[in-house]
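Structural features, examined
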Amino acid sequence: MVKPSKLLVLKKAFSGWPLSVGPAILNCLQKHNLTIEIVSPKGNFDEYINYICQNKQELKAEFAYVENHLKKGDSWGEIIIVKNKNKKIIASFGPNRTKKDKREKKRALPGYFSVLKKFRNKKIGNALWITGLKRMKKMGADYIKISVAKNNLPALKIYLHSGFKKFGN
Ligand SMILES: CC(C)(COP(=O)(O)OP(=O)(O)OC[C@H]1O[C@@H](n2cnc3c(N)ncnc32)[C@H](O)[C@@H]1OP(=O)(O)O)[C@@H](O)C(=O)NCCC(=O)NCCS
């Protein structure tokens, strides 16, 4: 668990933000021969679960989530997966949901977001993150609030590039 003093809280409002995914994202996917697939909350999660289990050393938090989730038998949120040209998953983002807050505004609740180490630094994380945000906007989210470790520079850069602003002190 990261200490609160080492976390930054960031927020972004979705109003006025386009739903469509821009050409930079599509070009990035095409350049690396990647495809994005959406597993809907009622879909088949076997492929995602296998991916997380096969990479459990690297994807510790996701593995703990999947293990706990399977024990409890809860419903899944939407999960986005990125596949390479060999149809192998190399990145995932989810489960993503939305929830109404006390003011009746819909808050996006993003899940785990990661790219396998071998595939990092090619803007794949950025493409996946933007796709996930657009999906949560499509679910009707008004805003998204997240916490990130101050020293997680790759994630922080992606969040700031996508219009997140520091929230609170
Ligand atoms: C965060 C993560 C998904 C990013 O994936 P990625 O495909 O490498 O991301 P991108 O290539 O789109 O962008 C990474 C950015 O970080 C920068 N970066 C990478 N390593 C860095 C480092 N050590 N120090 C500073 N910046 C770094 C890149 O230059 C790029 O910034 P730019 O767009 O300004 O050039 C990936 O690092 C990851 O899976 N991390 C572990 C899980 C995690 O931390 N998830 C976020 C939870 S809050």
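Note: the structure precedes this text.
Scope of this entry: the structure provided in the associated data block. (Residues numbered from 1 in each chain as written. Predicted model: local features only at pLDDT ≥ 70, side-chain atom pairs only at ≥ 80, totals over all residues.)

**Observations regarding the site of the ligand**
Definition in use: The criterion for a residue being near a molecule or strand is a backbone-placed C-beta atom within 6 Å of that molecule or strand. In DSSP terms, a helix is any run of H or I states spanning at least four residues, a strand is any run of E spanning at least two, and both are numbered starting from the N terminus. In this classification, Asp, Glu, Lys and Arg are treated as charged, Ala, Val, Leu, Ile, Met, Phe, Trp, Tyr, Cys and Pro as nonpolar, and every other residue, Gly included, as polar.
In the region of the ligand, 17 residues are neighbours, and Ser114, Arg120, Gly125, Asn126 and Pro154 sit closest. Of all the elements in the fold, those that place two or more residues in the shell around the ligand are β6 (112–115), α4 (124–138) and α5 (153–161). When residues in the shell around the ligand are grouped by element, the largest group, five residues, is from α5. A class-by-class count of the residues in the shell around the ligand yields eight nonpolar, five polar and four charged.

**Re the nonpolar core**
Across soluble globular proteins, nonpolar side chains show a tendency to be buried alongside one another. Formally: Joined through C-beta atoms within 7 Å, a set of buried Ala, Val, Leu, Ile, Met, Phe, Trp, Tyr and Cys residues constitutes a nonpolar core. A residue is called partly exposed when the number of other C-beta atoms within 10 Å of its own lies between 12 and 20, exposed at 12 or fewer, and buried at 20 or more, with C-beta atoms placed from the backbone.
In terms of nonpolar packing, the biggest core is built from 29 residues, with Val82, Ala91, Ile124, Leu128 and Trp129 touching the most fellow members. Looking at this core, the elements that each hand over two or more residues are β2 (35–39), α2 (46–54), β3 (78–83), β4 (89–100), β6, α4 and α5.

**Observations regarding the packing of α2 against helix α3 (residues 60–72)**
What counts here: Structural elements are reduced to axes, namely lines fitted to C-alpha atoms, with helices fitted over the stretch in contact, and the angle between N-to-C directions of any two is expressed from 0 to 180 degrees. Reported orientations rely on four angle classes, namely roughly parallel under 35 degrees, roughly antiparallel over 145, roughly perpendicular from 65 to 115, and oblique for the rest. Crossing handedness is read from the near helix: turned anticlockwise from the far helix by less than a right angle, it gives a left-handed crossing, and turned clockwise, a right-handed one. Contact definition: two residues whose C-beta atoms, as placed from backbone geometry, lie within 7 Å.
For the pair α2 and α3, the least separation of the axes is 9 Å and the interaxial angle reads 130°. As the angle between them shows, α2 and α3 are arranged oblique. Relative to α3, the crossing made by α2 is left-handed. Residues Ile49, Ile52 and Cys53 of α2 form the contact with α3, whose participating residues are Glu62, Phe63 and Val66. Across the contact of α2 with α3, the residue classes break down as five nonpolar, no polar and one charged.

**Thoughts on α4**
Using the following cut-off: The length a helix should cover is 1.5 Å for every residue beyond the first.
Here α4 spans 21 Å end to end across 15 residues, near enough to the 21 Å set by a 1.5 Å rise per residue. Every buried residue belonging to α4 is among Ile124, Gly125, Ala127, Leu128, Trp129, Gly132, Leu133, Arg135, Met136 and Lys137, and all of these are buried. Glycine 140 sits one or two positions beyond α4 and adopts a positive phi of about 100°.

**Points about the environment of tyrosine 51**
Within the fold, tyrosine 51 resides in helix α2. For the pair tyrosine 51 and isoleucine 90, spaced 39 residues apart in the sequence, the C-alpha separation amounts to 8.4 Å. Excluding its chain neighbours within four sequence positions, the residues that come into contact with tyrosine 51 are Ile89 and Ser92.

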